[in-house]
Amino acid sequence: MDFQFTEEQLMIKQAARDYAQRELWVDVIERDEKAIYPEKHVKALAELGFMGMMVSPEYDGGGMDTISYVLAMEEISKVDSSVSVILSVNNSLVCWGLETFGTEEQKQKYLRPLARGEKIGAFLLSEPEAGSDATSQHTTAIDMGDYYLLNGTKNWITNGNTASTYLVMAQTHPEKGHKGINAFIVERHWEGISVGPHENKMGMRSSDTHSVMFTDVKVPKENRIGGDGFGFRFAMQTLDGGRIGIAAQAVGIAAGALELALKYAKERKAFGTEIINHQAIAFKLADMAVKVENARNLVLKAAWLKDQHKPYGVASAMAKLYAADIAMQVTTEAVQIHGGYGYVKEYHVERLMREAKLTQIYEGTSEVQHIVISRALAKGELLP
Amino acid sequence: MKIAVCISNVPDTTTRIKTDATGQKIDLNGVQWVLNPWDELALTRAIELKEQNTGLVSEVIAVMAASAAGEATLRKALAVGADRAVRIDTDPADSFEAARELAYYFEAHWADIIFTGIESSDFNGLAVGPMLATLLKIHLIPGVSGVFLENGQVLVQQEVDGMSIRLKTHQPVVMVVQKGIAIVPKIPAMRGIMTARTKPLEVLSPRKEALQTEVTAFEPLPPKAAAKMIDAEDAPRLIELLRNEAKVI
């Protein structure tokens, strides 16, 4: 077993860290408070190649492995998860889904500009009545012979307003249940698409989350991804990889909170000494560090499995479940260590705590991860 | 036009420096090496000049005198945008050895502009640039805060106390760069990181001539005493301490 990173992986981690600490840090509080979309940062990260970093160079991507991707996700999420979620959706849902399952024509037309970061993508699965139960899609795509006719509403769509390229899941054959679902590439500017108002969220306020409505949208036949009825499998397989990114985001949020809490504990004095010298604080920090390290190792294991082309669905569910839970715990403790200062925005940890909460909810709630893991256990896929 | 940037490999500024058991060497275990911040800014400017003056600047070369441990730093320079790198395989014992090895290299491989950072963040010697120019018998511009290419001419901005100076210069020239040469160091892009391994990194044998100095011991300085707090109202007490204890007035 080799726990060494390659020189390239370390360089990518450092590049992400440099950008996050130098550029994102400056305006993260203001963007969070006023819910301002991080346009210039998305552009800068695209120029550096982060928006399509795992896509093959053949399609204008960075050609990096999943380990590099999770290292970058962690460093960016230490400072700003509103930015890292944009990166995550574009990389591991939209670009990965297109590169893995798209036709050559689809890749040439849609993947290239997404990999370059010139265009941004969104992944449209959730609906007002289909969250964890993604099989009950109400959005319909009726086969009209030459095209599909798309109708319905999608909810909680990251990049909902800024994306140019949507990957939309919709039901074509209701009688077949989830085997009747298809996935489509839909262009944002097509007639019949409207975008709801910006959701006023608790955290990750600077990423743009919207509902998207489709009314008689004509989708060309060649924009269906995979064979007829492949949509649900497409969504599930893509989300397996997406979860690694969100798990890495959760590790970043926790690690960022730990870095801040450690710094504060070394500076803040109480009862005549720095508070890190009080066991009540020191032991908290030790527990936080163990949790972060554990979560990071789970994420790296899932990323490694994916890079080795081994099954990673359960590993990514474990990584996301654990990392999201400890992100909540570690950020809460970081606020506690900061005392009153932790409860004001200037010190960043309250924001990290708000961001952590979402990692337990999106790209599969913690409850859904429990289902994935326990079913694998029941099937004997995870032997002790 | 060729631009060479002299690169130094230095411990990350957060590293806790300690000596080994003999007390004569720095303990390098666990040290995180980084590209010296001043050299990183010089490299950034060199690459900007090449990007902004396609055709005029033919090559940016990163040159370093260091052991193999320095190669990761050189590859970062390649990832940031240097076209090729040269490592002279020696860990210089002092500024003079570094300058001498670099001078031997440049005598055989002239560059039109040679950048050095004003100092390295480890020993802060401020010496390699001036020594290098002297050994090469070419002129040196210190305190360079800006370099521009206009109509094929090299223009330099220098900052001295209360004044900014603009001058034209002939080449070859050694420029010691300081604050202002570039705003922020360039972050390597994914494509640069990916191609860094395919760019040439040449390793040359050092001349290894007799050293002029030898470290006999590293001794830590005594820690600074804690600050004494004096009540803002108690000026006489402050004066008394400054006079009798600190003996500065």
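Quick caveat, the model's predicted, so the values are computed rather than measured.

Rules and cut-offs
- Residues numbered from 1 in each chain as written.
- Chains lettered and ligands numbered in written order.
- Predicted model: local features only at pLDDT ≥ 70, side-chain atom pairs only at ≥ 80, totals over all residues.
- Helix = DSSP H or I, 4+ residues; strand = E, 2+ residues; numbered from the N terminus.
- Contact = placed C-beta atoms within 7 Å.
- Buried ≥ 20, exposed ≤ 12 C-beta atoms within 10 Å, placed from the backbone.
- Domains from an automatic or database assignment.
- Nonpolar A, V, L, I, M, F, W, Y, C, P; charged D, E, K, R; others polar.
- Pairing = 2+ DSSP bridges.
- pLDDT = per-residue confidence, 0-100.
- Axes fitted to C-alpha atoms, helices over the stretch in contact; angles between N-to-C directions.
- Parallel < 35°, antiparallel > 145°, perpendicular 65-115°, else oblique.
- Left-handed = near helix turned anticlockwise from the far one by under 90°.
- Expected span 1.5 Å × (residues − 1).
- Bend = angle between axes of the 7 residues up to and from the residue.

J.: Give me the overall build of chain B: which residues, what numbers.
T.: Along its length, chain B carries 6 helices and 11 strands. Taken over the C-alpha atoms alone, chain B extends approximately 70 × 45 × 40 Å along its principal axes. Long-range contacts, defined as pairs at least 24 residues apart, comprise 70% of the intrachain contacts of chain B with a sequence gap of at least 6.

J.: An account of the overall build of chain A is needed here, citing residue identities and associated values.
T.: Within chain A one finds 10 helices and 10 strands. Projected onto its principal axes, the C-alpha positions of chain A cover 80 × 50 × 40 Å. Scored against the burial criterion, the 384 residues of chain A give a buried share of 53%. The long-range fraction of contacts in chain A, counting pairs at least 24 apart against all pairs at least 6 apart in sequence, stands at 74%.

J.: Can you tell me about the interface of chain A and chain B, naming the residues and giving the values?
T.: The partner chain B presents 12 residues to the 16 residues of chain A that form the contact. Of all the elements in the fold, those that place two or more residues in the side of chain A that touches chain B are α1 (7-34) and α2 (39-48) of chain A. Here the element with the most residues in the side of chain A that touches chain B is α1 of chain A; it accounts for 8 residues.

J.: Summarise the domain arrangement of chain A; cite the residues concerned and give the values.
T.: All names here are of chain A. Domain boundaries in chain A define domain 1 (7-115), domain 2 (121-231) and domain 3 (233-378). The C-alpha-based centres of domain 1 and domain 2 are spaced at 23 Å. With 22 residues of domain 1 at the contact, the number on the domain 2 side is 18 residues. When residues in the side of domain 1 that touches domain 2 are grouped by element, the largest group, 11 residues, is from helix α4 (residues 81-101). By residue class, the composition of the side of domain 1 that touches domain 2 is 13 nonpolar, 6 polar and 3 charged.

J.: Could you give an account of unusual backbone geometry, naming the residues involved and the relevant values?
T.: At the junction of Gln 171 of chain B and Pro 172 of chain B, the peptide bond is cis and its omega measures out at 0° in the coordinates. One can find Pro 172 of chain B in the loop between β9 (163-169) and β10 (173-177). A positive phi angle, close to 45°, is found at Met 204 of chain A, a residue other than glycine. Mapped onto the elements, Met 204 of chain A comes out in the loop between β6 (193-195) and β7 (209-220). Its 26 C-beta neighbours within 10 Å are what place Met 204 of chain A among the buried residues. Unlike most non-glycine residues, Lys 137 of chain B shows phi in positive territory, near 55°. By the secondary structure assignment, Lys 137 of chain B is in the loop between α4 (128-136) and β7 (139-150).

J.: Lay out the pairing of strand β2 (residues 140-143) of chain A in plain terms, naming residues and giving numbers.
T.: Residues and elements named next belong to chain A. Sheet topology note: the β2/strand β3 (residues 147-158) ladder contains 4 bridges and is antiparallel. Residue pairing for β3: Thr 140 is matched across the bridge by Asn 151. The turn linking β2 back onto β3 is made up of 3 residues, and Gly 145 within it adopts a positive phi angle of 95°.

J.: Pulling in residues and values, what's your account of the confidence of the model for chain B?
T.: Residues and elements named next belong to chain B. Mean pLDDT over chain B stands at 91; residues scoring 70 or higher make up 100%. Per-element mean pLDDT across chain B ranges from 89 in strand β2 (residues 9-11) up to 98 in strand β5 (residues 84-88). As scored by the predictor, the complex reaches a pTM of 0.90 and an ipTM of 0.85.

J.: Please give an account of the pairing of β9 of chain B that cites residues and values.
T.: All names here are of chain B. Taken across its 7 residues, β9 has 0 buried, putting it largely on the surface. As paired strands, strand β8 (residues 153-160) and β9 are joined by 7 bridges and run antiparallel to one another. Residue Val 160 lies in a different strand from β9, and its bridge partner there is Met 163. Hairpin connection, β8 to β9: the antiparallel pair is bridged by 2 residues, and Gly 162 has positive phi, about 75°.

J.: How would you summarise the packing of helix α6 (residues 231-267) of chain A against helix α8 (residues 313-338) of chain A if you had to cite specific residues and measurements?
T.: Residues and elements named next belong to chain A. One can describe the packing of α6 onto α8 by two numbers: an axis separation of 8 Å at closest approach and a directional angle of 20°. Compared by their axis directions, α6 and α8 come out roughly parallel. The two elements α6 and α8 meet at a crossing, and its hand is left-handed. Of the residues that constitute the contact of α6 with α8, the class distribution is 22 nonpolar, 4 polar and 3 charged.

J.: Which residues make up helix α9 (residues 349-359) of chain A, and what values go with them?
T.: Residues and elements named next belong to chain A. For α9, a buried count of 9 out of 11 residues is recorded, marking the element as mostly surrounded by other parts of the structure. The set of residues buried in α9 consists of Val 349, Glu 350, Arg 351, Leu 352, Met 353, Glu 355, Ala 356, Leu 358 and Thr 359. Elements in contact with the buried residues of α9: α1, α4, α6 and α8.

J.: Tell me about the sheet that holds strand β6 (residues 113-117) of chain B, residues and numbers included.
T.: Each strand in a sheet pairs with another by means of backbone hydrogen bonds, the pair being arranged parallel or else antiparallel. Residue and element names in this part refer to chain B. Read across the open sheet, the 9 strands follow the order β9-β8-β7-β10-β6-β1-β4-β5-β11; overall the sheet is mixed. Of all strands in the sheet, those with a lone pairing partner are β9 and β11 (201-204), marking the two edges. Each adjacent strand pair in this sheet contributes to an overall mean axis angle of 35°, direction not counted. Most of the contacts of helix α3 (residues 95-108) go to strand β4 (residues 59-65), to which it runs at about 140°, and overall it touches β1 (2-6), β4, β5, β6 and β11.

J.: I'd like to hear about α6 of chain A, residue by residue, with values.
T.: Because each turn of an α-helix spans 3.6 residues, side chains separated by three or four positions end up pointing in the same direction. Residue and element names in this part refer to chain A. Across its 37 residues, α6 extends 53 Å between first and last C-alpha, which sits within 8% of the 54 Å expected from 1.5 Å per residue. For α6, the principal kink sits at Asp 240 and spans about 30°. Counting buried positions over the 37 residues of α6 gives 29, a clear majority of the element.

J.: Could you give an account of the environment of Ala 72 of chain B, with specific residues and numbers?
T.: All names here are of chain B. Here Ala 72 lies in helix α2 (residues 71-80). Of the residues examined, Ala 72 has 15 C-beta atoms within 10 Å and is grouped as partly exposed. Linking Ala 72 and Ala 46, residues 26 residues apart in sequence, is a C-alpha distance of 20 Å.

J.: Run through the packing of α6 of chain A against helix α7 (residues 279-307) of chain A, naming residues and quoting values.
T.: Residue and element names in this part refer to chain A. Orientation of α6 relative to α7, taken along the N-to-C sense of each, is 155°, at an axis distance of 9 Å. Taken together, the axes of α6 and α7 are roughly antiparallel relative to one another. In terms of crossing hand, the pair formed by α6 and α7 is left-handed. On the side of α6, the interface is formed by Gly 241, Ile 244, Ala 247, Ala 248, Ala 250, Val 251, Ala 254, Ala 255, Leu 258, Ala 261, Leu 262 and Ala 265, while α7 contributes Ile 281, Leu 285, Met 288, Ala 289, Lys 291, Val 292, Ala 295, Arg 296, Val 299, Ala 302, Ala 303 and Lys 306. In the contact of α6 with α7, the residues fall into 20 nonpolar, 1 polar and 3 charged.

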